[in-house]
Amino acid sequence: MESANKEINSQNKNEVYKNQIKSILECLKSPMARPKALEAILGLCESEELTEIFISLELPKVMIRLLENEEIKEKDQVLQILVNISGKESYLPHFLKINTIHRVLKLIFNTIKSEFEEKNNEKKDKKETYETPEDVILESLDKMLGKDLLYENGKIFDVKMEFDKYVINADKVTDLKGMENETFLNLYFMFLCNLTSYEPGQKGILDLNNENKNFHGVVFFKLLDKFFEYIYHNSFNFCSGIVANISSLKEGRKLILENKIFKIFLIRFDKMNSMKTMNIIRLIRNCSFEYKDYVDDFLEKDGIMFKYLIKLLCLINNADDDKLGIEEIDNIYFSNFDVKEMTEDDKETMNDLIVDVFLILTNSPKAVNEMKNKKVKECIELVEKKAISKCKEDMRNKLIDRLMVIKDCLSKETQELKE
């Protein structure tokens, strides 16, 4: 009887909460009451106890509609709520159900167009505005493949030609000045970064559920195009997190490798800030799982990837890389990478990721020979004591075991190439 009473009281309490929250949501319709209502929602949505109530009242749909409403002035508050709730996996199915990823990408592309391109006096073309998510896909396909939309074996014919400009003009990027909505763009990307932390979100941004396989990855390519174009701007910090998340999915990293986009990350890698550098290391680690089919991609530009990773290991562990006697890394500076702004946890994570790359690639004789040429073993021996000494016990044990395997492999005689 007591248990039944408790259940009834709980139901009554939830009903009261639901009615109160419903009233707050109704206040969103009033321009005068909206700021206070959004402030209340932001505070309440942090409660795990109220999550189911917010879901039953379709909070994701309400917030996305506010975000799309051009008359709403409180976009920053709306985005903060979306960032908050998108960090909870229970909201994800409800975001995906209303096609949130495409809708938000449409807003991002239009923001970039209005804030960056039109202000820089670039050609305005009303036909390039995105009225529907499908417009984003079709416009992207049209630009990538030409108006004939060429396909081969049911797949996109040659996506890489869209990205060749970033290989040919490696140092040319768009300078962004006077960005009024930088905060919005950061929050947009933070929101999508949260959604793509989970596999359903990753599949959603790649359109893997679309029956037409020609659309798979096209919107993601469109996002990558913008990322490369404005890569050094801080507004795109969290965009690098989205890219890293996508690479944790096999289909995502294969799209990156198949279309020769991995090389572009290598070209830009040493010029990124600390956050982007961390995320691109995540991407490199994830992509390295595909070494069997794409080992040559990791050896591009005379094995520059290994030079970068050696330099980073020395930087984050405060090691004197002069002791390595590697002249090739003397001109690698990572000028926008600030070790001082990194926490010890960040350094531990970066050590972990770089060691993972080396460990995974020890399975490839071709990569092993390149690591020997680039003195990876000597670098590890130089930094390992410093790296291990600052790690927590679990990570310390993992590092010791993996470093032992890597050094043992790199100590053996040059292997025959049997790829």
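What you are looking at is a predicted structure, and each value in this text was computed from that prediction instead of being measured.

Quick notes on the rules
- Residues numbered from 1 in each chain as written.
- Predicted model: local features only at pLDDT ≥ 70, side-chain atom pairs only at ≥ 80, totals over all residues.
- Heavy atoms only, no water.
- Axes fitted to C-alpha atoms, helices over the stretch in contact; angles between N-to-C directions.
- Helix = DSSP H or I, 4+ residues; strand = E, 2+ residues; numbered from the N terminus.
- Parallel < 35°, antiparallel > 145°, perpendicular 65-115°, else oblique.
- Left-handed = near helix turned anticlockwise from the far one by under 90°.
- Contact = heavy atoms within 4.5 Å.
- Nonpolar A, V, L, I, M, F, W, Y, C, P; charged D, E, K, R; others polar.
- Salt bridge = Lys/Arg side-chain N within 4 Å of Asp/Glu carboxyl O.
- Buried < 20%, exposed > 50% of the residue type's maximum accessible area, 1.4 Å probe, protein only.
- Expected span 1.5 Å × (residues − 1).
- pLDDT = per-residue confidence, 0-100.

Enquirer: Can you explain the packing of helix H14 (residues 250-258) against helix H17 (residues 291-298)? Please cite residues and give values.
Expert: The relative placement of two packed helices is expressed as an angle between their axes plus a distance between the axes. Between H14 and H17, the shortest axis-to-axis distance is 11 Å and the interhelical angle comes to 45°. By the angle between their axes, H14 is oblique relative to H17. The two elements H14 and H17 meet at a crossing, and its hand is left-handed. Between H14 and H17, the residues in contact are Lys-254, Leu-257 and Glu-258 and Tyr-294, Asp-297 and Phe-298, respectively. A breakdown of the residues in the contact of H14 with H17 according to their chemical character gives three nonpolar, no polar and three charged.

Enquirer: How would you explain the pattern of salt bridges if you had to name every residue and give the values?
Expert: Applying the stated criterion to the full structure yields 22 salt bridges. For Lys-407, the salt bridge is made with Glu-384, and the minimal N-O distance between the two is 2.8 Å. Of the two residues, Lys-407 is situated in helix H22 (residues 393-411) and Glu-384 in helix H21 (residues 376-389); the sequence distance between them amounts to 23 residues. Here the salt bridges do not stand alone but share partners, grouping Arg-285, Asp-352, Asp-356 and Arg-402 into one network.

Enquirer: Any chance you could break down the environment of Lys-165 for me, citing the residues and the numbers?
Expert: With respect to the helices and strands, Lys-165 occurs in helix H9 (residues 160-168). With relative accessibility at 37%, the residue Lys-165 sits in the partly exposed group. Residues Lys-165 and Glu-229, 64 residues apart in the sequence, show an inter-C-alpha distance of 9.9 Å.

Enquirer: I'd love a proper account of helix H12 (residues 218-229), names of residues and values included.
Expert: Here H12 spans 17 Å end to end across twelve residues, near enough to the 16 Å set by a 1.5 Å rise per residue. Across the twelve residues that make up H12, a large majority, twelve, are buried. Of the positions making up H12, those classed as buried are Val-218, Val-219, Phe-220, Phe-221, Lys-222, Leu-223, Leu-224, Asp-225, Lys-226, Phe-227, Phe-228 and Glu-229.

Enquirer: Which residues make up helix H10 (residues 182-195), and what values go with them?
Expert: Under the 1.5 Å per step criterion, the end-to-end length of H10 is 20 Å for 14 residues, consistent within 8% with the ideal 20 Å. Every buried residue of H10 is listed here: Leu-185, Asn-186, Leu-187, Tyr-188, Phe-189, Phe-191, Leu-192, Cys-193 and Leu-195.

Enquirer: I'd like a description of the confidence of the model for the chain, backed by residues and values.
Expert: Per-residue pLDDT for the chain averages 83, and the proportion of residues at 70 or more is 79%. No element of the chain has a lower mean pLDDT than strand E1 (residues 151-152), at 41, and none a higher one than helix H13 (residues 237-247), at 97. Low pLDDT, under 50, characterises residues 122-127; the stretch is placed with four contacts to residues that sit more than four places away or in other chains. Contacts from residues 141-157, a stretch scored under 50 in pLDDT, to residues over four places away or in other chains number 37 contacts.

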